Amino acid sequence: MRRSVIAVGALVAGAALAPAAIGATTGPTKTVTLHDDYFSPSKLTVKSGTTVKWVWPMGLTDTHDVMLAKHPSGVKRFMSDYAAAGYSFKRKLVKPGTYTFLCDIHQGMAMKIVVKR
(Lines give C-alpha, C1' and ligand atoms only; values in the text may rest on other atoms or scores of the structure.)
Protein backbone atom coordinates (compact mmCIF):
# COMPACT_ATOMS: atom_id res chain seq x y z
CA MET A 1 0.00 0.00 0.00
CA ARG A 2 2.82 2.40 0.88
CA ARG A 3 4.46 1.86 -2.56
CA SER A 4 1.17 2.69 -4.27
CA VAL A 5 0.85 5.98 -2.39
CA ILE A 6 4.44 6.93 -3.23
CA ALA A 7 3.97 6.00 -6.90
CA VAL A 8 0.75 8.02 -7.17
CA GLY A 9 2.45 10.99 -5.46
CA ALA A 10 5.33 10.85 -7.93
CA LEU A 11 2.93 10.74 -10.89
CA VAL A 12 0.98 13.74 -9.60
CA ALA A 13 4.18 15.72 -8.99
CA GLY A 14 5.45 14.83 -12.48
CA ALA A 15 2.17 15.85 -14.09
CA ALA A 16 2.30 19.20 -12.32
CA LEU A 17 5.75 19.89 -13.78
CA ALA A 18 5.01 18.72 -17.35
CA PRO A 19 3.32 21.89 -18.68
CA ALA A 20 6.18 24.11 -17.52
CA ALA A 21 8.76 21.83 -19.11
CA ILE A 22 6.89 21.72 -22.41
CA GLY A 23 6.42 25.49 -22.51
CA ALA A 24 10.08 26.08 -21.72
CA THR A 25 11.28 24.09 -24.74
CA THR A 26 9.12 25.68 -27.41
CA GLY A 27 10.78 28.08 -29.83
CA PRO A 28 9.49 30.90 -31.99
CA THR A 29 6.57 30.38 -34.37
CA LYS A 30 5.95 32.10 -37.71
CA THR A 31 2.56 31.94 -39.40
CA VAL A 32 1.95 31.59 -43.13
CA THR A 33 -1.59 32.02 -44.45
CA LEU A 34 -2.85 30.13 -47.49
CA HIS A 35 -5.05 32.08 -49.89
CA ASP A 36 -6.57 31.23 -53.25
CA ASP A 37 -3.43 30.36 -55.21
CA TYR A 38 -0.75 32.02 -53.03
CA PHE A 39 1.02 31.83 -49.68
CA SER A 40 1.35 34.94 -47.53
CA PRO A 41 4.16 35.70 -47.06
CA SER A 42 5.71 33.97 -50.07
CA LYS A 43 9.27 34.45 -48.73
CA LEU A 44 10.37 34.06 -45.15
CA THR A 45 13.69 33.97 -43.28
CA VAL A 46 13.74 32.30 -39.86
CA LYS A 47 16.24 31.07 -37.29
CA SER A 48 16.92 27.36 -36.88
CA GLY A 49 14.37 25.82 -34.51
CA THR A 50 11.49 28.03 -35.62
CA THR A 51 8.11 26.37 -36.04
CA VAL A 52 6.26 27.40 -39.17
CA LYS A 53 2.48 27.17 -38.96
CA TRP A 54 0.46 27.24 -42.17
CA VAL A 55 -3.14 28.38 -41.67
CA TRP A 56 -6.15 27.90 -43.95
CA PRO A 57 -8.41 30.87 -43.01
CA MET A 58 -12.15 30.40 -42.43
CA GLY A 59 -13.15 32.15 -45.69
CA LEU A 60 -10.90 30.02 -47.90
CA THR A 61 -12.97 28.21 -50.52
CA ASP A 62 -10.33 26.18 -52.40
CA THR A 63 -8.60 23.05 -51.17
CA HIS A 64 -4.83 23.35 -50.74
CA ASP A 65 -1.90 21.49 -49.26
CA VAL A 66 1.66 22.29 -48.22
CA MET A 67 4.29 20.04 -49.79
CA LEU A 68 8.03 20.26 -49.18
CA ALA A 69 9.47 20.21 -52.69
CA LYS A 70 13.13 21.22 -52.23
CA HIS A 71 15.11 21.06 -49.03
CA PRO A 72 18.60 20.84 -47.55
CA SER A 73 20.31 17.47 -47.72
CA GLY A 74 19.21 15.11 -44.96
CA VAL A 75 15.77 16.65 -44.42
CA LYS A 76 12.89 14.23 -44.97
CA ARG A 77 10.06 15.34 -47.24
CA PHE A 78 6.67 16.00 -45.70
CA MET A 79 3.24 17.10 -46.82
CA SER A 80 0.10 18.35 -45.11
CA ASP A 81 -3.34 16.91 -45.69
CA TYR A 82 -5.47 18.35 -48.49
CA ALA A 83 -7.65 20.84 -46.65
CA ALA A 84 -9.76 23.96 -46.83
CA ALA A 85 -11.02 26.56 -44.35
CA GLY A 86 -10.20 26.15 -40.67
CA TYR A 87 -7.20 23.79 -40.97
CA SER A 88 -3.62 24.34 -39.83
CA PHE A 89 -0.36 22.43 -40.21
CA LYS A 90 3.00 23.05 -38.59
CA ARG A 91 6.60 21.87 -38.75
CA LYS A 92 9.74 22.87 -36.87
CA LEU A 93 12.54 23.74 -39.30
CA VAL A 94 15.93 23.00 -37.79
CA LYS A 95 18.49 22.41 -40.54
CA PRO A 96 19.83 25.64 -42.08
CA GLY A 97 19.24 26.07 -45.81
CA THR A 98 16.56 26.95 -48.33
CA TYR A 99 13.20 25.16 -48.30
CA THR A 100 10.72 25.40 -51.17
CA PHE A 101 7.06 24.61 -50.51
CA LEU A 102 4.35 24.05 -53.11
CA CYS A 103 0.64 23.47 -53.22
CA ASP A 104 0.43 20.13 -55.00
CA ILE A 105 -2.96 21.10 -56.46
CA HIS A 106 -2.25 24.62 -57.78
CA GLN A 107 0.63 25.01 -60.23
CA GLY A 108 2.64 28.12 -59.44
CA MET A 109 1.56 28.34 -55.79
CA ALA A 110 4.95 28.29 -54.10
CA MET A 111 6.93 29.81 -51.26
CA LYS A 112 10.52 29.80 -49.97
CA ILE A 113 11.78 29.72 -46.43
CA VAL A 114 15.44 30.34 -45.62
CA VAL A 115 16.54 28.85 -42.30
CA LYS A 116 19.61 30.48 -40.73
CA ARG A 117 21.70 29.40 -37.75
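Our subject is the structure listed above.
Residues numbered from 1 in each chain as written. Predicted model: local features only at pLDDT ≥ 70, side-chain atom pairs only at ≥ 80, totals over all residues. Heavy atoms only, no water.

Trainee: Just give me the short version of the overall build of the protein, but keep the residues and values in it.
Mentor: A count of helices and strands for the protein gives one helix and eight strands. Going from N to C terminus, the protein has its helices and strands arranged as α-β-β-β-β-β-β-β-β. Residue pairs in contact within the protein that sit at least 24 positions apart in sequence constitute 56% of those at least 6 positions apart. Accessible surface for the protein amounts to roughly 7,500 Å². Of this, 58% is attributable to carbon and sulfur atoms. (Helix = DSSP H or I, 4+ residues; strand = E, 2+ residues; numbered from the N terminus. Contact = heavy atoms within 4.5 Å. Areas by Shrake-Rupley, 256 points an atom, 1.4 Å probe, with all protein chains shown as cover.)

Trainee: Before we move on, can you summarise the side chain of Thr51 with the specific residues and values?
Mentor: Mapped onto the fold, Thr51 is located in strand 4 (residues 50-55). When sequence neighbours within four positions are dropped, the list of residues in contact with Thr51 reads Pro28, Thr29, Lys30, Lys90, Arg91 and Lys92.

Trainee: Got a sec to walk through a nonpolar patch on the surface? Specific residues and values, please.
Mentor: A cluster of nonpolar side chains, namely Met79, Tyr82 and Ile105, defines an oily patch on the protein surface of about 280 Å² accessible area. If you trace the backbone, Tyr82 turns up in the loop between strand 5 (67-70) and strand 6 (88-93). (Patch = residues over 30% accessible without salt bridge, like charges linked within 9 Å, V, L, I, M, F, W, Y side chains within 5 Å. Salt bridge = Lys/Arg side-chain N within 4 Å of Asp/Glu carboxyl O.)

Trainee: Go over the packing of aromatic side chains with me, naming the residues and quoting the values.
Mentor: Counting across every chain of the model gives six aromatic pairs. Judged by centre distance (6.4 Å) and plane angle (5°), the rings of Tyr99 and Phe101 are stacked. Classification of Tyr99 by relative accessible area gives buried; the value is 1%. Counting every residue linked through ring pairs, the aromatic cluster contains Trp54, Phe78, Phe89, Tyr99 and Phe101. (Phe/Tyr/Trp six-rings, centres within 6.5 Å; stacked < 30°, edge-to-face > 60°. Buried < 20%, exposed > 50% of the residue type's maximum accessible area, 1.4 Å probe, protein only.)

Trainee: Requested: an account of the sheet that holds strand 8 (residues 110-116), with residues and values cited.
Mentor: Here four strands make up an open sheet; going across it, the order is 3-8-7-5 and the pairing mixed. Each of the sheet's edge strands pairs with one partner strand only, and the pair in question is strand 3 (43-47) and strand 5. On average, adjacent strands in this sheet sit at an angle of 30° to one another, irrespective of strand direction. (Pairing = 2+ DSSP bridges. Axes fitted to C-alpha atoms, helices over the stretch in contact; angles between N-to-C directions.)

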